[in-house]
Amino acid sequence: RAPVIAAYLVRMGLINSTFGITKSIIHDLVPPSHRARYASIDSINQAAWAGSAALGGLVIDRYGMVANFYVTASAQLVA
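Caption draft 1: Highlighting the overall build of the protein. A tally of regular secondary structure across the protein gives four helices and zero strands. The linear arrangement of helices and strands in the protein, starting from the amino end, is α-α-α-α. Since a compact globule built from 79 residues should have a radius of gyration of about 12 Å, the 17 Å found for the protein marks it as more spread out than a globular shape. Counting across all 79 residues of the protein, residues that qualify as buried make up 6%. Surface accessibility of the protein: about 6800 Å² in total, with carbon and sulfur atoms responsible for 69%.

Structure below.
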């Protein structure tokens, strides 16, 4: 169990390690008069992630795990 937990922590650390540098680069490149707009778009993106997790939980509760994969595949196909 410990190797799985360690691998998960390393994976999540690597995935999340780019957020700070990405925001820093965006704020360096965006003019000060437009930074609030880009920050608000980023906030909408973060809210969408949280909302998709809640929606996935509702789909799983109501229709089962397989239906959640179908919904996700359909959304990715449309995107």
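Caption draft 2: The pattern of salt bridges, seen in detail. The final tally for this structure, using the stated rule, is one salt bridge. Ionic pairing is found between Lys-23 and Asp-42, a salt bridge with its closest N-O pair at 2.9 Å. Taken together, the residues span a long stretch of sequence, with Lys-23 in helix H2 (residues 19-29) and Asp-42 in helix H3 (residues 35-63) at a distance of 19 residues. According to the relative accessible area criterion, Lys-23 is partly exposed, its value standing at 37%. Taking relative accessible area as the criterion, Asp-42 reaches 26% and is therefore assigned partly exposed.

Caption draft 3: Looking closely at the confidence of the model for the protein. Overall, the prediction assigns the protein a mean pLDDT of 88, with 100% of residues at 70 or greater. Mean pLDDT across the elements of the protein bottoms out in H2 (85) and peaks in helix H4 (residues 65-78) (91).

Caption draft 4: Highlighting a nonpolar patch on the surface. Side chains of Ile-5, Tyr-8 and Leu-9 sit close together on the surface and give an oily, nonpolar patch of about 330 Å² of accessible area. Within the secondary structure, Leu-9 sits in helix H1 (residues 2-16). Given a relative accessible area of 55%, Leu-9 falls into the exposed group.

Caption draft 5: Representation of the side chain of Asn-68. Mapped onto the elements of the fold, Asn-68 is located in helix H4. Ignoring any residue separated from it by four or fewer positions in sequence, one finds Asn-68 in contact with Gly-56, Val-59 and Ile-60.

Caption draft 6: How the structure looks around the environment of Arg-35. Residue position: Arg-35 is located in helix H3. According to the relative accessible area criterion, Arg-35 is partly exposed, its value standing at 31%. Ignoring any residue separated from it by four or fewer positions in sequence, one finds Arg-35 in contact with His-27 and Val-30.

Caption draft 7: Local environment of the environment of Val-71. For Val-71, the position within the fold is in helix H4. The spacing of Val-71 and Gly-13 is 58 residues in sequence and 28 Å in space, taken between C-alpha atoms.

Rules used in this analysis
- Residues numbered from 1 in each chain as written.
- Predicted model: local features only at pLDDT ≥ 70, side-chain atom pairs only at ≥ 80, totals over all residues.
- Heavy atoms only, no water.
- Helix = DSSP H or I, 4+ residues; strand = E, 2+ residues; numbered from the N terminus.
- Rg over C-alpha atoms; globule rule 2.2 N^0.38 Å.
- Buried < 20%, exposed > 50% of the residue type's maximum accessible area, 1.4 Å probe, protein only.
- Areas by Shrake-Rupley, 256 points an atom, 1.4 Å probe, with all protein chains shown as cover.
- Salt bridge = Lys/Arg side-chain N within 4 Å of Asp/Glu carboxyl O.
- pLDDT = per-residue confidence, 0-100.
- Patch = residues over 30% accessible without salt bridge, like charges linked within 9 Å, V, L, I, M, F, W, Y side chains within 5 Å.
- Contact = heavy atoms within 4.5 Å.

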